[in-house]
Amino acid sequence: EANADFFISLHRNSSTSGKGVEIWINNESVGDNKWDKLLAEYIMDWLDQVGISERRGIQTGFRNNETNVESNNYVVNRYTNMPSCLIEMGFMTSTEDNRYFDDNLDAYADAIASAVMELMADKNIYPTSTLQ
């Protein structure tokens, strides 16, 4: 309803083991998810430049998804009408991820914002001069 260009949801992963950053987007059965993929790729590249423990990749649907149907997407991706992604910013159970998160919180915020600005400039969504 706000006519946003992108929707980005930030989370911390949880599990008894694991480390690294992963980004979830709509699965391909929902239609063309090329913009979701682009958004996720730009963000992952920028976060990787700041420093993350592991690059877990861009995932579609949701964890343990066995069938590729619309209902098998994270809710925050399923109900958006703009490119969206859910970023798992490391595992809460990983000492290494917690250190990265604590040391780089502001840099991560800047990286995500820079990724969005770069994507918008690269794809001519807005003239570069308006992104300053």
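Above this text is the structure in question.
1. Quick notes on the overall build of the chain
Piece 1. Across its full length, the chain holds three helices and four strands.
Piece 2. Secondary structure of the chain in N-to-C order comes out as β-β-α-β-α-β-α.
Piece 3. Every one of the 132 residues in the chain was classed for burial, and the buried ones make up 38%.
Piece 4. Restricting the contact set of the chain to residue pairs at least 6 apart, pairs at least 24 apart contribute 77%.
Piece 5. Carbon and sulfur atoms form 47% of the exposed surface of the chain, whose accessible area is close to 7,500 Å².

2. Points about the nonpolar core
Piece 1. Residues Ile23, Leu39, Ile43, Leu47, Cys85 and Ile87 are the most contacted members of the largest nonpolar core, which totals 22 residues.
Piece 2. Those elements that provide at least two residues to this core are strand 2 (21-25), helix 1 (34-50), strand 4 (84-91) and helix 3 (95-122).
Piece 3. Look past the residues within four positions of Ile43 in its chain and what remains in contact with it is Ile8, Ile23, Cys85, Ile87, Ile112 and Ala115.

3. Re the sheet that holds strand 1 (residues 7-13)
Piece 1. Here we have four strands laid out as an open sheet, ordered 1-4-2-3, and mixed in their pairing. On the outer flanks of this sheet lie strand 1 and strand 3 (55-60), each paired with one strand and no other. Here the strands of the sheet are splayed against their neighbours by 20° on average, with no regard to which way each runs.
Piece 2. As paired elements, strand 2 and strand 3 share five bridges and run parallel to each other. Each residue of the ladder has a partner; that of Glu22, found in strand 3, is Gly57.
Piece 3. Most of the contacts of helix 1 go to strand 2, to which it runs at about 170°, and overall it touches strand 1, strand 2, strand 3 and strand 4.
Piece 4. Docked against the sheet, helix 3 engages strand 1 and strand 4, running at close to 160° with respect to strand 4.

Conventions and cut-offs
Residues numbered from 1 in each chain as written. Predicted model: local features only at pLDDT ≥ 70, side-chain atom pairs only at ≥ 80, totals over all residues. Heavy atoms only, no water. Helix = DSSP H or I, 4+ residues; strand = E, 2+ residues; numbered from the N terminus. Buried < 20%, exposed > 50% of the residue type's maximum accessible area, 1.4 Å probe, protein only. Contact = heavy atoms within 4.5 Å. Areas by Shrake-Rupley, 256 points an atom, 1.4 Å probe, with all protein chains shown as cover. Core = buried A, V, L, I, M, F, W, Y, C linked by side-chain atoms within 4.5 Å. Pairing = 2+ DSSP bridges. Axes fitted to C-alpha atoms, helices over the stretch in contact; angles between N-to-C directions.

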